[in-house]
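So you can see what is in the structure, the chains are spelled out below.
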Amino acid sequence: MTTNTKTPAAVLPLNSILSGDCIEAMRALPDACVDLIFADPPYNLQLKGTLHRPNNTQVDACDDHWDQFDSFRAYDEFTRAWLAEARRLLKPDGALWVIGSYHNIFRVGAELQNQGFWILNDVVWRKSNPMPNFRGKRLTNAHETMIWASRDEGAKYTFNYEALKELNDGVQMRSDWVIPICNGGERLKDDKGDKAHPTQKPEALLHRILVGCTKPGDVVLDPFFGTGTTGAVAKMLGRDWIGIEREEAYRKVAEKRLSKVRRFDKTALEVTQSKRAEPRVPFGQLVERGMLRPGEMLVSPRGQMAKVRADGTLIADDVKGSIHKVGATLEGAPSCNGWTYWHFRRDGKTVSIDVLRQQIRAEMGR
């Protein structure tokens, strides 16, 4: 891993932290070069004065200079500039995730739409352990909002639906995510023992996004890299990454952190795919390869029989056609999944023909 100060336009600095202003650094990168952008821009919190707890101790809030803008207009111009570069850098099937609070996310969302991004979802990150509202004058800020957007309306994008479903114990993933804020051993500290970054994001948040919206080998860009959470999770999950960070102190913490991260092995990086994403296997291929023979009889769940023909079709009484057509006709149904409907007999046992299809798919993946 290296820290670069200037990037040649023709070179993609994979797995590197670029120093300097994020907009200028993005301008040095080539068009359509990244698969996903995760952006955690300044929130423009507009903090007035210091904040104290009931015991009069001072709260370590985000009052850093990089989060301060002279006006909403200045913040909007900044947002317009970095989003324009983000859209240019995304591949046609790429996507953007951006996170913010009520201070900025609505302004960012409006500019996303102005520039032609297509919003796919907004996701509420509900913090299971939020910081209380010490003054007792407002509701506790217990969530942040993330926007997931494709580069264009109607564009293709990566969405590992089944993988996210498995992460959620077999239930379809919702748009409200309950994840604790970064604390404990995960919270990085500086040499003085203080928080290295005031708004460090939990790895669990990035894990869910990258598992759900990228594939191994994809390139992930984080233009507001901070202490490197995006890079750390991307590295573990076998994704390439590019970070941009102007603050030297954060870069040093991120470099140290990333040097200790190890990539998971190849088999651990595999995720559950939808059936539609699996390679197509024609039924006739089972016949060609002798896994089923012409003349062999298949049986339905209700005991109806059909004979395999040499061209990969079936015949049952006076019905001829594909495994799906014959199954649907026998059931009097508009459609039928022949792969799960038909079975064959081996060694006195009845086995689904889908077992044979999965054998061929396994060979394709070798």
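The structure we're discussing is the one just above.
Below: a short report on this structure. (Residues numbered from 1 in each chain as written. Predicted model: local features only at pLDDT ≥ 70, side-chain atom pairs only at ≥ 80, totals over all residues. Heavy atoms only, no water.)

Considering the overall build of the protein chain
Here is step 1: The helix and strand inventory of the protein chain stands at twelve helices and 15 strands.
Here is step 2: Burial status across the protein chain gives 45% buried among its 366 residues.
Here is step 3: Here the protein chain displays about 19,600 Å² of accessible surface, and carbon together with sulfur accounts for 49% of that area. (Helix = DSSP H or I, 4+ residues; strand = E, 2+ residues; numbered from the N terminus. Buried < 20%, exposed > 50% of the residue type's maximum accessible area, 1.4 Å probe, protein only. Areas by Shrake-Rupley, 256 points an atom, 1.4 Å probe, with all protein chains shown as cover.)

Quick notes on the packing of aromatic side chains
Between two aromatic rings, the relevant description is the distance of the centres plus the angle of the planes.
Here is step 1: Inspection of the entire model under this criterion finds eleven aromatic pairs.
Here is step 2: Here W82 and F224 contribute two aromatic rings whose centre-to-centre distance is 5.3 Å and whose plane-to-plane angle is 85°, an arrangement assigned as edge-to-face. Residue W82 is located in helix α2 (residues 72-89), and its partner F224 is located in the loop between β8 (219-222) and α6 (229-236); the two are separated by 142 residues in the primary sequence. There is no split in this pair, since W82 and F224 are both buried.
Here is step 3: Ring geometry for F283 against W339: centres 6.1 Å apart, planes inclined by 65°, an arrangement best described as edge-to-face. With a gap of 56 residues between them, F283 in helix α9 (residues 283-288) and W339 in helix α11 (residues 338-341) connect regions that are remote in the sequence. Per residue, the accessibility class of F283 equals that of W339, and both read buried.
Here is step 4: If you follow R87 out to its NZ or CZ, it ends over the ring of F117, 6.0 Å from the centre.
Here is step 5: In this structure, R208 is placed above the aromatic ring of W177, and the distance from its NZ or CZ to the ring centre is 4.9 Å. (Phe/Tyr/Trp six-rings, centres within 6.5 Å; stacked < 30°, edge-to-face > 60°. Lys NZ or Arg CZ within 6 Å of the ring centre and 35° of its normal.)

Regarding the nonpolar core
Here is step 1: Residues L36, W97, M146, W177, L205, I209 and L210 are the most contacted members of the largest nonpolar core, which totals 35 residues.
Here is step 2: At the level of elements, β3 (34-39), β4 (90-100), β5 (118-126), β6 (143-150), α4 (161-167), α5 (203-213), α6 and α7 (248-259) are the ones that each hand at least two residues to this core.
Here is step 3: Per element, the largest residue contribution to this core is six residues, and it comes from α5.
Here is step 4: Among all residues touching W97, those that are not within four sequence positions of it are L36, I37, F38, A39, V123, M146, I147, W148, W177, I209 and C213.
Here is step 5: Counting residues in hydrophobic clusters, the runner-up holds 30 residues, among them V34, V108, L221 and F224. (Core = buried A, V, L, I, M, F, W, Y, C linked by side-chain atoms within 4.5 Å. Contact = heavy atoms within 4.5 Å.)

Considerations on helix α12 (residues 354-364)
Here is step 1: Listed in full, the buried residues belonging to α12 are D354, L356, R357, I360 and R361. Within α12, the buried residues cover an arc of 155° as seen down the axis, which keeps them to one side.
Here is step 2: Structurally, α12 contributes buried residues whose contacts are with α9, α11, β14 (343-346) and β15 (349-352). (Arc of directions from axis to C-beta.)

Examining the pairing of β15
Here is step 1: Sheet analysis places β14 next to β15, joined by four bridges and oriented antiparallel. Following the sheet pairing, F344 is matched in β15 by V351.
Here is step 2: Where β14 hands over to β15, the hairpin turn is made up of two residues, of which D347 adopts a positive phi near 50°. (Pairing = 2+ DSSP bridges.)

Comments concerning the pairing of strand β2 (residues 16-19)
Here is step 1: Here β2 shows a buried face lined by S16 and L18 and a second buried face lined by I17 and S19.
Here is step 2: Judged from the four bridges that link them, β2 and strand β9 (residues 240-245) form a sheet pairing that is parallel. From the neighbouring strand, S19 faces β9, where its bridge partner is E245.

So, unusual backbone geometry
Here is step 1: Positive phi outside glycine occurs at N15, with the angle close to 60°.
Here is step 2: As for its placement among the helices and strands, N15 is situated in the loop between β1 (3-4) and β2.
Here is step 3: Judged by its relative accessible area of 26%, N15 falls in the partly exposed class.
Here is step 4: Phi at D169 is positive, roughly 60°, even though this residue is not glycine.
Here is step 5: For D169, a relative accessible area of 73% translates into the label exposed.

Observations concerning the environment of P42
Here is step 1: Turning to its location among the elements, P42 is positioned in the loop between β3 and α2.
Here is step 2: By relative accessible area, which is 7% here, P42 ends up buried.

Structural notes on the pattern of salt bridges
Charged atoms that come close allow side chains of opposite charge to pair.
Here is step 1: For the structure shown, the criterion picks out 20 salt bridges.
Here is step 2: The salt bridge involving K91 is made with D35; its shortest N-O contact spans 3.2 Å. Of this pair, K91 sits in strand β4 while D35 sits in strand β3, and the two are 56 residues apart along the sequence.
Here is step 3: With relative accessibility at 25%, the residue K91 sits in the partly exposed group.
Here is step 4: Ionic pairing is found between E296 and R346, a salt bridge with its closest N-O pair at 2.5 Å. With E296 in the loop between α9 and β10 (297-299) and R346 in strand β14, this residue pair connects regions lying 50 residues apart in the sequence.
Here is step 5: Bridged by salt links that share partners, the residues E24, R27, D31, E85 and R88 form one connected network. (Salt bridge = Lys/Arg side-chain N within 4 Å of Asp/Glu carboxyl O.)

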